[in-house]
Number of protein chains: 2
Amino acid sequence: MKDYKQEGSKGCEHCIWNNSCIGSKLLEYAPYIKIFQSHMLSVNEHVFNTGDILSTLYVIKSGAIKIYVTNDSGDEQVLNFSLPNDVIGLEGYDSDQYVSSAIALHTSSVCAIPLAEVKKILNEVVPEWLLKLALDNFKRHGRNISLLNKKKAKSRIAAFLIDTADNCKSLGCSGKDFELSMSRDDIGNYLGLASETVSRTLTQLQQEGWVKMERRQVTIVDIPHLSEAAQHR
Amino acid sequence: MKDYKQEGSKGCEHCIWNNSCIGSKLLEYAPYIKIFQSHMLSVNEHVFNTGDILSTLYVIKSGAIKIYVTNDSGDEQVLNFSLPNDVIGLEGYDSDQYVSSAIALHTSSVCAIPLAEVKKILNEVVPEWLLKLALDNFKRHGRNISLLNKKKAKSRIAAFLIDTADNCKSLGCSGKDFELSMSRDDIGNYLGLASETVSRTLTQLQQEGWVKMERRQVTIVDIPHLSEAAQHR
DNA sequence: CGGCGTGTTGATGTATGTCAAGCGGAGTGG
DNA sequence: CCACTCCGCTTGACATACATCAACACGCCG
């Protein structure tokens, strides 16, 4: 993306969104923020890429932006289509890199907000526990998407198992052994699969030797293979 | 759910999660909150139901809770499985009713937090624009789920069209006529379908007379039928 | 032991993916 | 202005993964 400082901005008072935009609210709240400029993007121009240093959030002023990630095999996974008034780039808030890529579908314009300023305000204003609550929700959002928009049952189930294991781990379990608390029916409903397919796929994963299962008790044996399966769409 | 005030609580200092729980952080931050009690749930007991008056949030202390909605035809749609330390009930924050149901998968225990207190704190502490940002994300989360875990292409596409129309409407368009900003490829990728399937399904929807399309220009003709199709899993 | 809920497995139909051909608008160059 | 190409989209033919229906196995509890 071009250096947005090159692009002059006349400030929010000249913007068509004037004071309805969420960015201008921020400015209102913290008027000392200086760098806050409008920037044009042409079709297929990236706003940011996965892995880029995350120092700026963007508010979309006009146009449409596609948010996506690419897996190791290089194929793309659309996470969202963002429209005017949306804030993008926030998903990586607690890392220092963008965790997704953003590309313009139309000629679009965005306003840049320095993340450092936002962080400062947030830390001043918002209690830490509350921030954690919000961020957890962001993350869950991303996880759910990546569970659900896979095409193959095997990928979904593998992703589901890994996700569940991660959850369990963050609650203090081993991360390899855990107990599913829900029925095959519930899993199927959640993942958009028939319960029979869940059942079959689980036995298949066992036959491959990637997991062991006894009723709802799960042991993950081969994390690499399971992760790889989870990547495939 | 039983009246949680019946269930004595010894307070957070006796809880196994002691001060790591997000609820206790809230208590720390606003010590005047009195009603904050632990409550046991047996298997298949509801924490709350869609449509119930939303006056309480719950922090899960132990066990597992299934969050789901039911459509008009009565069939269930699992949105999430919530685990200890998760906060549930928040999705309806800006309505006054729960927008989903929550049922215990195991014997579980939860702590109740009066939403009024939380709202008071939030309003004192968090700028409105920031709250909106977080809530928008909650909503998008829910929308994405309901787009993605449908089984049939027709449902997904119908839901996608309605969602897009709604988005457009909230940006000031008619809500019936709008332009898709993304390719069939992108739509398919987003919805977990092949682009050919997107194409075919769109022409099918046209043949049914529910939408008119010309390239990326969409006119929604029969909202009732389209919505009905969107409901079906 | 017998019944019930949950999970597994098999047989079959169907929706969707995949491959491939062709269409049509948009842009380009003569 | 027309011919040409390119790209996105559509349509068709076929393969396949999954849903559905049904039978059965297993653990659980009375």
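1. Digging into the sheet that holds strand E7 (residues 101-104) of chain B
All names here are of chain B.
At step 1: Here four strands make up an open sheet; going across it, the order is E2-E7-E4-E5 and the pairing antiparallel. The two strands at the open ends of the sheet, each matched to only one other strand, are strand E2 (46-48) and strand E5 (76-82). Strand after strand, the sheet turns through a mean of 30° between neighbouring axes, direction not considered.
At step 2: Here strand E4 (residues 65-70) runs beside E5; their pairing, made up of six bridges, is antiparallel. Residue pairing across strands places Ile65 opposite Ser82, the latter belonging to E5.

2. Considering the interface of chain A and chain B
At step 1: Taken together, the contact between chain A and chain B spans 51 residues of the former and 51 residues of the latter.
At step 2: Carbon and sulfur atoms supply 67% of the area that chain A and chain B bury against each other, a total of about 4,700 Å² over both sides.
At step 3: Looking only at chain A, the three residues that lose the most surface to chain B are A:Phe81, A:Trp129 and A:Asn189, adding up to 15% of its buried area.
At step 4: Run the count over chain A and chain B and you get eight residue pairs in polar contact (both at pLDDT 80 or more).

3. Let's talk about the packing of helix H3 (residues 128-148) of chain A against helix H4 (residues 153-170) of chain A
Helices that pack against each other are described as a pair by the angle of their axes relative to one another and the distance between those axes.
Residue and element names in this part refer to chain A.
At step 1: Where H3 meets H4, the axes come as close as 8 Å, and the angle between the chain directions of the two elements is 155°. What the angle tells us is that H3 and H4 run roughly antiparallel. Across from Arg143, Leu147 and Leu148 in H3, the residues of H4 making contact are Arg156, Ala159, Phe160, Asp163 and Asn167.
At step 2: Of the residues belonging to the contact of H3 with H4, the class tally is four nonpolar, one polar and three charged.

4. Description of the relation of the copies chain A and chain B
At step 1: Take chain A, turn it by 180°, move it 0.0 Å along the axis, and it overlays chain B with an RMSD of 0.1 Å. Taken together, the turn and the small shift mark the pair as related by a two-fold rotation axis.
At step 2: A high fraction, 100%, of the interface residues of chain A reappear at the interface in chain B, so the copies pair face to face through one surface.

5. A short note on empty space enclosed by the protein
At step 1: Within this structure, the stated rule accounts for one cavity of 30 Å³ or more.
At step 2: Looking at the largest cavity, its volume works out to about 650 Å³.
At step 3: Considering the residues around the largest cavity, the lining is formed by 40 residues, among which A:Leu130, A:Ala134, B:Leu130, B:Leu131 and B:Ala134 are closest to the centre.
At step 4: When contributions to the lining of the largest cavity are tallied by element, the ones reaching two or more residues are helix H1 (22-29), helix H2 (115-125) and H3 of chain A together with helix H1 (22-29), helix H2 (115-125) and helix H3 (128-148) of chain B.
At step 5: Among the residues making up the lining of the largest cavity, the classes are represented as 34 nonpolar, six polar and no charged.

6. Quick notes on the protein's contact with DNA strand D
At step 1: The full set close to DNA strand D counts 17 residues, and A:Ala153, A:Thr197, A:Arg200, B:Ser199 and B:Thr203 are the nearest of them.
At step 2: Here a base nitrogen of DNA strand D sits 3.2 Å away from a polar atom, N or O, in the side chain of A:Glu196.
At step 3: Looking at the surface near DNA strand D, the elements that each hand over two or more residues are helix H6 (195-207) of chain A together with helix H6 (195-207) of chain B.
At step 4: Looking at which element gives the most residues to the surface near DNA strand D, the answer is H6(B), with four residues.
At step 5: Here the surface near DNA strand D is built from residues that sort into three nonpolar, five polar and nine charged.

7. Comments concerning the protein's contact with DNA strand C
At step 1: Not every one of the 16 residues close to DNA strand C is listed here, only the nearest: A:Ser199, A:Arg200, B:Ala153, B:Thr197 and B:Arg200.
At step 2: Among the atoms of DNA strand C lying within 4 Å of the protein, the sugar-phosphate backbone contributes 58%.
At step 3: For DNA strand C, a phosphate oxygen lies 2.8 Å from a polar atom in the side chain of A:Arg184.
At step 4: Here a phosphate oxygen of DNA strand C and a backbone polar atom of B:Ala194 are 3.2 Å apart.
At step 5: When residues of the surface near DNA strand C are traced back to their parent elements, those giving at least two are H6 of chain A together with H6 of chain B.
At step 6: Considering only residue class, the surface near DNA strand C consists of three nonpolar, five polar and eight charged.

8. Some points on the pairing of E5(B)
At step 1: For E5(B), the buried fraction is high: six of the seven residues fall into the buried class.
At step 2: Following E4(B), the chain reverses through five residues before pairing antiparallel with E5(B); B:Gly74 in that reversal takes a positive phi of roughly 90°.

9. Some thoughts on the environment of A:Leu131
At step 1: Here A:Leu131 shows up in helix H3.
At step 2: Discounting residues that sit within four places of it in the chain, A:Leu131 has contacts with A:Tyr93, A:Leu122, A:Asn123 and A:Val126.

10. Digging into the side chain of B:Asp86
At step 1: Looking at the element boundaries, B:Asp86 is found in the loop between E5 and strand E6 (87-88).
At step 2: Judged by its relative accessible area of 19%, B:Asp86 falls in the buried class.
At step 3: In terms of polar contacts, B:Asp86 uses its side chain to reach the backbone amide nitrogen of B:Leu83, at 2.8 Å.
At step 4: Setting aside residues no more than four positions away along its own chain, B:Asp86 makes contact with A:Arg140, B:Tyr58, B:Val59, B:Ile60 and B:Phe81.

11. Details of H6(A)
All names here are of chain A.
At step 1: Over its 13 residues, H6 extends 18 Å from the first C-alpha to the last, a length consistent with the 18 Å expected when each residue adds 1.5 Å.
At step 2: Lining the buried residues of H6 we find H4, helix H5 (184-191), strand E10 (211-214) and helix H7 (223-231).
At step 3: Taken from the residues just after H6, Gly209 is the one with a positive phi, measuring 80°.

12. So, the sheet that holds strand E6 (residues 87-88) of chain A
All names here are of chain A.
At step 1: Pairing in this open sheet of four strands is antiparallel, and the strands run E1-E8-E3-E6 from one edge to the other. The open sheet has two free edges, formed respectively by strand E1 (38-41) and E6, since each of these has just one partner strand.
At step 2: In this sheet, E6 lies alongside strand E3 (residues 56-62) in antiparallel orientation, the contact comprising two bridges. Bridge pairing in E6 links Val59 to Val87.

13. What to know about the pattern of salt bridges
At step 1: Taken as a whole and assessed by the stated rule, the structure comprises eight salt bridges over all chains.
At step 2: A salt bridge links A:Lys66 to A:Glu76; the shortest N-O distance between them is 2.8 Å. Taken as a pair, A:Lys66 in strand E4 (residues 65-70) and A:Glu76 in strand E5 (residues 76-82) lie far apart in primary sequence, ten residues in all.
At step 3: Between A:Lys66 and B:Asp186 there is a salt bridge, with its nearest N and O atoms 2.9 Å apart. Taken together, the positions of A:Lys66 in strand E4 and B:Asp186 in helix H5 (residues 184-191) put the pair across two chains.
At step 4: A relative accessible area of 9% means that A:Lys66 is categorised as buried.
At step 5: Under the relative-accessibility criterion, B:Asp186 is labelled buried at 10%.
At step 6: One network of salt bridges, with partners in common, ties together A:Lys66, A:Glu76 and B:Asp186.

Definitions and limits used
Residues numbered from 1 in each chain as written. Chains lettered and ligands numbered in written order. Predicted model: local features only at pLDDT ≥ 70, side-chain atom pairs only at ≥ 80, totals over all residues. Heavy atoms only, no water. Pairing = 2+ DSSP bridges. Helix = DSSP H or I, 4+ residues; strand = E, 2+ residues; numbered from the N terminus. Axes fitted to C-alpha atoms, helices over the stretch in contact; angles between N-to-C directions. Contact = heavy atoms within 4.5 Å. Buried area = accessible area lost by both parts, 1.4 Å probe. Polar contact = N/O pair within 3.5 Å; in protein donor to acceptor, adjacent residues only side chain to side chain. Parallel < 35°, antiparallel > 145°, perpendicular 65-115°, else oblique. Nonpolar A, V, L, I, M, F, W, Y, C, P; charged D, E, K, R; others polar. Least-squares fit on C-alpha atoms with pLDDT ≥ 70 in both. 1 Å grid on protein atoms, 1.4 Å probe; cavity = no way out; pocket = protein on both sides within 12 Å on 5 of 7 lines; lining within 4 Å. Points joined across faces, edges and corners; volume = space filled by probe spheres on them. Near = heavy atom within 4 Å. Buried < 20%, exposed > 50% of the residue type's maximum accessible area, 1.4 Å probe, protein only. Expected span 1.5 Å × (residues − 1). Salt bridge = Lys/Arg side-chain N within 4 Å of Asp/Glu carboxyl O.

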